[in-house]
Amino acid sequence: MDEKKKVGYEWWLGLGAPTKIVAPMVDASELAFRQLTRKHGAELVYTQMFNSNVFVRDYTYREENFETCPGDRPLIVQFCGNDPETLLAAAKMVEDRCDAVDINLGCPQGIARRGHYGAFLMEELDLLHELVSTLAKGLKVPVTCKTRIYKDFDRSLRLCETLVNAGASMITIHGRTREEKGQLVKAADWETIRRIKEHFRGRVPVIANGGIESLQDYRRCLIETGCDGVMSSEGILENPSIFDESHNLPTQIEMAYEYLEQCHAHPVLHYRTIRSHLQRILYRFCSIHTELRDKIGLARELDEFSAIADECRHTSLLPENSHINYDAETWYKRHRNPANVHSGSMNAEIAMDTNKNGLLYYSCSDCNDTEDDDPLGFSIFG
Ligand SMILES: Cc1cc2nc3c(=O)[nH]c(=O)nc-3n(C[C@H](O)[C@H](O)[C@H](O)COP(=O)(O)O)c2cc1C
C-alpha cells in the first residue's frame, strides 16, 4: 500500500481542482471523444462504465475497450459491479493508467436491475460500504462514486454518508431519481445537490450532474449548488466545446471535422460510435436536412463520414439555405420539451432511425438494453 496516496480534497487539488468534468458515457466516452473535450476545456474526463465481471475475465474486451494515451489525464475509469473482490480485481488492472476509479451507482436501466448493479445498489448500504472500502484500501488511486438522489432528502444523505464513510474520495450526484429516466426525465434537482454539498462541506469534493447544456449552465450550477465541480453528459455530446471559454468557438459542422480528426489520431473500435457522435453533433443540421442524417446512418468508414461533413458544409453555404436558423432545436432539448415527449414528434422520428439504423441507441456490449421500461432507448445510464 502506498503511504503517500492522496485522497479526498488533497487528491482533487492535486489534479488541479477540476471543475469542468465530462461524464462517463457508455459507447460515447471513447478516447477520441475524450481528447476532443479536453481540447475544448474539459479538466477531468471519465471513461465509459465497464462491467467489472467482463473486464476481469475477458482480455479482448479489456484491450479493445479501454484505450488511453499520455495526454489522456486526469482520467477516471468507471466500473459497475456488486462483488468487492471482482471490482477490486478489475480496478487493479487500470490503476496505473488513471487518477481514480469510480463505481457506477446511478445506472437505472433494466440491465442494471437484472445484473444487480448501478442504481439498484442504492438501498444496499452494507454492500456499498464493503465495495467502497475494499477499493479504498486495495487501490493505489482513490475510489469515487457517482449516484442518483431520492425524493426523500434524508435517504439521499444516508446513501452519501455511507459512501464517504467507507472511503469515497469524491461523490458525483446526478440530481434525478432512479425513476426519472427515459421519457420521465425531469429537470435535475440542483437544490437537493446543493443541500448534499452543504452537508459534506470540507469533507470530500461533491460534483453536480444533470441539466448542463451550456457554459452558462455550468457557471450557474457552480453558483447555485456550491459544488466543487460540474459534470456534463448529454449536452457535451452535442456540443463538445461546452466548457470552452474562448470567443472563437467552432460551428457544429467544424466540430464534426474536429471529431473526425481525433478519430484519425485515436481509431475508434465501432463505426456505430462515430455515427452516434456525428448524429448528435450535427443534430440541428440533420433534423432539417434529413437526407444527410440518413447518410450518416449508413456510413462505415472515416472517409465516408468526412464526405458527409463536406456535404453538410456545402449545403449550409447554399444561398437558398441562408435563411435557416440551424440553432433552433438542440439535441439536448429534444426529449425535454414536454410537447415532444407527448406528441412524440421528434422522439418518434429519432426512435425510428434508432430502430432502423441502430443510431443514437445507447447500447454497447455490456449495456445493450431493449427492455420495455425504455422502449425508445432514451434512458440515461447513470
Ligand atoms: C449516451 C449516454 C451514456 C451514458 N453512460 C453512462 C455510464 O456509462 N455511466 C454513468 O455513470 N452514467 C452514464 N450516463 C449518464 C450520464 O453520465 C449523466 O449522469 C446523465 O446523462 C445526466 O447528465 P446530463 O443531464 O448532463 O445528461 C450516460 C448518459 C448518456 C447520454
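So, here's what we can say about the structure. Just so we're clear, the structure is a prediction, and the values are computed from it rather than from any experiment.

Reading the values: rules and limits
Residues numbered from 1 in each chain as written. Predicted model: local features only at pLDDT ≥ 70, side-chain atom pairs only at ≥ 80, totals over all residues. Helix = DSSP H or I, 4+ residues; strand = E, 2+ residues; numbered from the N terminus. Buried ≥ 20, exposed ≤ 12 C-beta atoms within 10 Å, placed from the backbone. Contact = placed C-beta atoms within 7 Å. Pairing = 2+ DSSP bridges. Axes fitted to C-alpha atoms, helices over the stretch in contact; angles between N-to-C directions. Right-handed = clockwise from strand over helix to strand, strands pointing away. Core = buried A, V, L, I, M, F, W, Y, C linked by C-beta atoms within 7 Å. Domains from an automatic or database assignment. Arc of directions from axis to C-beta. Parallel < 35°, antiparallel > 145°, perpendicular 65-115°, else oblique. Left-handed = near helix turned anticlockwise from the far one by under 90°. Nonpolar A, V, L, I, M, F, W, Y, C, P; charged D, E, K, R; others polar.

**Description of the overall build of the chain**
Here comes step 1: When its secondary structure is counted, the chain shows 18 helices and eight strands.
Here comes step 2: When each of the 382 residues of the chain is scored for burial, the buried share is 49%.
Here comes step 3: For the chain, the share of sequence-separated contacts (at least 6 apart) that also reach a separation of at least 24 residues comes to 70%.

**As for the sheet that holds strand E7 (residues 206-209)**
Here comes step 1: Taken in spatial order, the eight strands line up as E1-E2-E3-E4-E5-E6-E7-E8 and close into a barrel, and their pairing is parallel. With direction set aside, neighbouring strand axes in the sheet form an average angle of 25°.
Here comes step 2: As defined by bridge partners, strand E4 (residues 100-105) adjoins strand E5 (residues 143-147) across five bridges and the pair is classed as parallel. What sits directly across from Asp102, in E5, is Thr144.

**Regarding unusual backbone geometry**
Here comes step 1: Of note, the amide linkage connecting Arg73 to Pro74 takes the cis form, showing an omega dihedral of -10°.
Here comes step 2: Relative to the assigned elements, Pro74 resides in the loop between helix H4 (59-65) and strand E3 (75-80).
Here comes step 3: Even without being glycine, His116 reaches a positive phi, approximately 60°.
Here comes step 4: You can see His116 is positioned in the loop between helix H6 (110-115) and helix H7 (125-138).
Here comes step 5: A count of 14 C-beta atoms within 10 Å places His116 in the partly exposed class.

**Let's talk about the pairing of E3**
Here comes step 1: Extensive coverage of E3 is indicated by the burial of five of its six residues.
Here comes step 2: Here five bridges tie strand E2 (residues 44-51) to E3, and the two strands are oriented parallel to one another. Considered in E3, the bridge of Met49 is made with Gln78.
Here comes step 3: Alignment of E3 against E4, held across four bridges, turns out to be parallel. Residue pairing in the sheet places Val77 in a bridge with Val101 of E4.
Here comes step 4: With helix H5 (residues 84-92) bridging E3 and its parallel neighbour E4, the resulting β-α-β unit is right-handed.

**Description of the nonpolar core**
Here comes step 1: By size, the foremost hydrophobic cluster in this structure holds 99 residues, and its most contacted members are Phe79, Val101, Val132, Leu163, Ala168, Ile171 and Ala256.
Here comes step 2: Ranked by the residues each element gives to this core, the list is headed by helix H12 (residues 252-265), at six residues.
Here comes step 3: Summarising the domain contributions, this core has at least three residues from each of domain 1 (8-238) and domain 2 (252-357).
Here comes step 4: Setting aside residues no more than four positions away along its own chain, Ile171 makes contact with Thr144, Cys145, Thr147, Cys160, Leu163, Val164, Val204 and Val206.

**Re the pairing of E5**
Here comes step 1: For E5, the buried fraction is high: five of the five residues fall into the buried class.
Here comes step 2: On E5, burial covers both faces: Val143, Cys145 and Thr147 on one face and Thr144 and Lys146 on the other are all buried.
Here comes step 3: Two elements, E5 and strand E6 (residues 171-174), share three bridges in a ladder whose sense is parallel. In the strand pairing of E6, Cys145 is matched with Ile171.
Here comes step 4: With helix H8 (residues 153-165) bridging E5 and the parallel E6, this β-α-β connection has right-handed handedness.

**Remarks on the environment of Tyr326**
Here comes step 1: Relative to the helices and strands, Tyr326 is located in the loop between helix H16 (302-317) and helix H17 (338-343).
Here comes step 2: Setting aside its immediate chain neighbours within four residues, Tyr326 contacts Arg284, Phe285 and Ile288.

**Quick notes on helix H10 (residues 215-225)**
Here comes step 1: Among the residues of H10, those classed as buried are Tyr218, Cys221 and Thr225. With its buried residues spanning 65° around the axis, H10 presents them on a single face. In H10, the exposed positions that point more than 90 degrees away from the buried face belong to Gln216 and Ile223.
Here comes step 2: Considering only its buried residues, H10 is in contact with strand E1 (20-22), helix H9 (190-200), E7 and strand E8 (229-232).

**Quick word on the packing of H9 against H10**
Here comes step 1: Remark: H9 packs on H10, axes separated minimally by 8 Å, with the N-to-C direction vectors making an angle of 50°. The pairing of H9 with H10 is recorded here as oblique in orientation. Contacts between H9 and H10 pair Trp190, Ile193, Arg194 and Lys197 from the former with Cys221, Glu224 and Thr225 from the latter.

**Side note on the packing of helix H2 (residues 31-39) against H12**
Here comes step 1: The interhelical angle for the contact between H2 and H12, taken along N-to-C directions, is 130°, at an axis separation of 8 Å. In terms of axis orientation, H2 runs oblique to H12. Note that H2 runs across H12; the crossing there is right-handed. Counting all contacts with H2, which are made through Ala32, Gln35 and Leu36, the residues of H12 involved are Glu258, Tyr259, Gln262 and Cys263.
Here comes step 2: Here the contact of H2 with H12 is built from residues that sort into four nonpolar, two polar and one charged.

**Side note on helix H13 (residues 271-281)**
Here comes step 1: Among the eleven residues in H13, eight count as buried, and that is most of the element.
Here comes step 2: Taken together, the buried positions of H13 are Ile274, Arg275, Ser276, His277, Leu278, Gln279, Arg280 and Ile281.

**What about the environment of Leu278?**
Here comes step 1: Tracing the sequence through the fold places Leu278 in helix H13.
Here comes step 2: By C-beta crowding, Leu278 is classed as buried, having 27 other C-beta atoms within 10 Å.
Here comes step 3: For the pair Leu278 and Leu237, spaced 41 residues apart in sequence, the C-alpha separation works out to 9.3 Å.
Here comes step 4: Look past the residues within four positions of Leu278 in its chain and what remains in contact with it is Ala256, Ile296 and Phe305.

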